[in-house]
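Breakdown of the fold
Spelled out, the chains give:
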Amino acid sequence: MVKHDVKDLKLAPKGKKRIEWAETSMPVLREIRKRFEKEKPLAGKKMSACLHVTAETANLARTLKAGGADLVLVASNPLSTQDDVTASLVTDYGISVFAITGEDHKTYYDHIRAALKHDPVVTMDDGADLVSTLHQEYPEKCNQIFASMEETTTGVIRLRAMHKDGALQLPVYAVNDATTKYLFDNRYGTGQSTVDGIIRATDILLAGSTVVVAGYGWCGRGFATRCKGMGANVIVTEVDPIKAMEAAMDGFRVMPMLEATQYGDLFVTITGDINVLRKEHFENMKDGAIVANSGHFNVEIDIDSLQELAVEKHAQVRPLVDEYILPNGNKIFLLAEGRLINLAAAEGHPASVMDMSFATQALTTEFALKQKQPAGVYMVPREIEDYISTLKLKTMGIEIDELTEEQKEYLSSWEMGT
Ligand code: ADE
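Now for a look at the structure at hand.

Procedures and definitions
Residues numbered from 1 in each chain as written. Predicted model: local features only at pLDDT ≥ 70, side-chain atom pairs only at ≥ 80, totals over all residues. Heavy atoms only, no water. Patch = residues over 30% accessible without salt bridge, like charges linked within 9 Å, V, L, I, M, F, W, Y side chains within 5 Å. Areas by Shrake-Rupley, 256 points an atom, 1.4 Å probe, with all protein chains shown as cover. Salt bridge = Lys/Arg side-chain N within 4 Å of Asp/Glu carboxyl O. Buried < 20%, exposed > 50% of the residue type's maximum accessible area, 1.4 Å probe, protein only. Near = heavy atom within 4 Å. Polar contact = N/O pair within 3.5 Å; in protein donor to acceptor, adjacent residues only side chain to side chain. Helix = DSSP H or I, 4+ residues; strand = E, 2+ residues; numbered from the N terminus. Nonpolar A, V, L, I, M, F, W, Y, C, P; charged D, E, K, R; others polar. 1 Å grid on protein atoms, 1.4 Å probe; cavity = no way out; pocket = protein on both sides within 12 Å on 5 of 7 lines; lining within 4 Å. Points joined across faces, edges and corners; volume = space filled by probe spheres on them. Contact = heavy atoms within 4.5 Å. Expected span 1.5 Å × (residues − 1). Pairing = 2+ DSSP bridges. Axes fitted to C-alpha atoms, helices over the stretch in contact; angles between N-to-C directions. Parallel < 35°, antiparallel > 145°, perpendicular 65-115°, else oblique. Left-handed = near helix turned anticlockwise from the far one by under 90°. Phe/Tyr/Trp six-rings, centres within 6.5 Å; stacked < 30°, edge-to-face > 60°. Lys NZ or Arg CZ within 6 Å of the ring centre and 35° of its normal. Arc of directions from axis to C-beta.

1. Side note on a nonpolar patch on the surface
- A cluster of nonpolar residues, Leu403, Tyr410, Leu411 and Met416, forms a patch on the protein surface that exposes about 460 Å² of accessible area.
- On the accessibility criterion, Leu403 (46% relative accessible area) is partly exposed.

2. Some points on the site of the ligand
- Around the ligand, a shell composed of His52, Thr54, Glu56, Thr57, Leu343, Glu347, Gly348, His349, Met354 and Phe358 is seen.
- With respect to the ligand, the side chain of Glu56 contributes an N or O atom lying 2.9 Å from a nitrogen atom.
- Interatomic distance of 2.8 Å between a backbone N/O atom of His349 and a nitrogen atom of the ligand.
- For the ligand, whose unbound accessible area comes to 260 Å², protein coverage reaches 95%.
- Contributing elements (two or more residues each) for the shell around the ligand: α3 (55-66) and α15 (351-368).
- Considering only residue class, the shell around the ligand consists of three nonpolar, five polar and two charged.

3. Regarding the layout of surface pockets
- Within this model, the second largest pocket holds a volume of roughly 270 Å³.
- Along the wall of the second largest pocket there are 15 residues; nearest its centre are Tyr108, Asp129, Phe297, Asn298 and Arg339.
- The biggest single contributor to the lining of the second largest pocket is helix α5 (residues 105-117), with three residues.

4. Focus: the environment of Val211
- Relative to the elements of secondary structure, Val211 occurs in strand β8 (residues 210-214).
- Each C-alpha atom of the pair Val211 and Ala224 lies 8.2 Å from the other, and the pair is 13 residues apart in sequence.
- Those residues in contact with Val211 that sit more than four places away from it in its chain are Leu206, Phe223, Cys227, Ala232, Asn233, Val234, Ile235 and Leu266.

5. Quick look at α15
- The end-to-end C-alpha separation of α15 is 25 Å, in line with the 26 Å expected for 18 residues at 1.5 Å each.
- By the criterion of burial, α15 is predominantly enclosed, with 16 of the 18 residues buried.

6. Focus on the sheet that holds strand β11 (residues 266-269)
- In spatial order, the strands read β10-β9-β8-β11-β12-β15-β14-β13; together these eight strands make up an open sheet with mixed pairing. Edge positions in the sheet fall to β10 (253-254) and β13 (312-318), since each of these pairs with one other strand and no more.
- Judged from the five bridges that link them, strand β14 (residues 321-325) and strand β15 (residues 331-335) form a sheet pairing that is antiparallel. By the bridge assignment for β15, Asp322 is matched with Leu334.
- Helix α9 (residues 218-229) contacts β8, β9 (233-237) and β11 of the sheet and is inclined by roughly 170 degrees relative to β8.

7. Some details on the packing of helix α2 (residues 27-39) against α15
- Taken N-terminus to C-terminus, the directions of α2 and α15 make an angle of 25 degrees; their axes are 8 Å apart at the nearest point. When the axes of α2 and α15 are compared, the pair comes out roughly parallel. For the crossing formed where α2 meets α15, the hand is left-handed. On α15, the residues touching Pro27, Val28, Leu29, Ile32, Arg35, Phe36 and Glu39 of α2 are Asp355, Phe358, Ala359, Ala362, Leu363 and Glu366.

8. Here we look at the pattern of salt bridges
- According to the stated counting rule, one finds 28 salt bridges in the structure shown.
- Note that Asp84 and Arg18 form a salt bridge whose closest N and O atoms lie 2.9 Å from each other. You can see Asp84 sitting in helix α4 (residues 83-91) and its partner Arg18 sitting in helix α1 (residues 12-24), a full 66 residues away along the chain.
- The shortest N-O distance in the salt bridge between Lys408 and Glu405 comes to 3.4 Å. One end of the pair, Lys408, and the other, Glu405, are both in helix α17 (residues 405-411), three residues apart, so they sit about a helical turn from each other.
- For Lys408, a relative accessible area of 42% puts it in the partly exposed group.
- By relative accessible area, Glu405 is classed as exposed at 59%.

9. Digging into the packing of aromatic side chains
- As enumerated under the stated definition, the model contains six aromatic pairs in all.
- Centroid distance Tyr173 to Phe367: 6.1 Å. Interplanar angle 90 degrees. Geometry classified as edge-to-face. Of this pair, Tyr173 sits in strand β7 (residues 171-174) while Phe367 sits in helix α15; the two residues are 194 residues apart in sequence, bridging distant segments of the chain.
- Taking the centre distance of 5.7 Å and the plane angle of 35 degrees together, the rings of Tyr173 and Tyr378 count as tilted. Of this pair, Tyr173 sits in strand β7 while Tyr378 sits in strand β16 (residues 376-378), and the two are 205 residues apart along the sequence.
- Since its relative accessible area comes to 2%, Tyr173 is described here as buried.
- Assessed through its relative accessible area of 23%, Tyr378 is described here as partly exposed.
- It is Lys228 that lies over the ring of Phe252; its NZ or CZ is 4.8 Å from the centre.

10. Points about α1
- For α1, spanning 13 residues, the distance from its first C-alpha to its last is 19 Å, which sits close to the expected 18 Å at 1.5 Å a residue.
- Every buried residue belonging to α1 is among Ala12, Gly15, Ile19, Ala22 and Glu23, and all of these are buried. Looking straight down α1, one finds its buried side chains confined to an arc of 105 degrees; they lie on one side. In this structure, α1 carries Pro13, Lys14, Lys17, Trp21 and Thr24 as exposed residues pointing more than 90 degrees from its buried face.
- Turning to α1, the residues buried within the fold contact α2, α3, α4 and α15.

Interpretation in functional terms is not warranted from these geometric data alone.
Rendered as structure tokens:
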């Protein structure tokens, strides 16, 4: 049996069904897997991936293995692992996994170390914890990395900061910044799965409630739009004037968070920044306000100050809901200890959208192995985006027009004016 540290191998049959169910909505990845099986573009390459270990990720792992990769998979968040999926990956698919739901901080990092001890030549990250640990604890291994892939906005921001500081020692592809990723996964994936996580955790009715969304990036706008579609009154808070204006012109109320605290029934942070909700905000919230985070790290809600402020805390009044009582008697409900709600309380993004994200990961891995680049943060090639979007449309049964010869000529000329 391959090396592993998972919760319980007996969960494998349930995990296998879940992986197969997800696969039915991942036709692009399936197509890539079929080709990888024949062509083996990753033959013999040691790979370590630090991702949310879900049924969708399992299908990416199968694809990479089909391409010939010798893969170790670890969790990119202690709460997002699906234990039945890890069991099946080890038992049914022979993929080495180190991930257990609810693992503590030490185990989380021990698992990341296990991935690095595998001596990968390719790494894949969701949030950059693998690359960051590599640079801090195993700097001598950086040289052997041919390429790395990064899945999420927060990770790309971290890696660009590393590069700016002159610290980044390897080439990283910003998979997050591919249109086939952020336009769909961040917007529709996060939008729907955040609603899903909040509803599963609380069973609240969105219609008629006031939802305050902090951050109007692709994830924030996806979530705000889904909430509006379900009948909520949505308020957006922003620090970026352009994004704030977009939110305003998309029809949302925009105001500072302190002002929004008097209206909100539900507050959701999706900014990628620290302490977006803090003491002065909690003090001003209505009785019964619900607070959740859908950003990558659990830093967006200042839980320490909520804890200090509260005169009483009742943990787990429902699964994943903690109640804090403030000195004025008001209750605030914090979901999933401020961890990303869509993966902690629901199952992450639906497979159909992860199909495009993980197709981008698989094809970028194949591309990256063709030529080693100097250290830096690189974009996914346009041809990969075009291939994936064309194939995805086809699998959705959607046909589009083609440019006529005359139109092509017109678009490449500059002489013809009014
Ligand atoms: N990130 C968001 N949703 C996900 C999912 N279903 N699987 C893996 N990573 C994800």
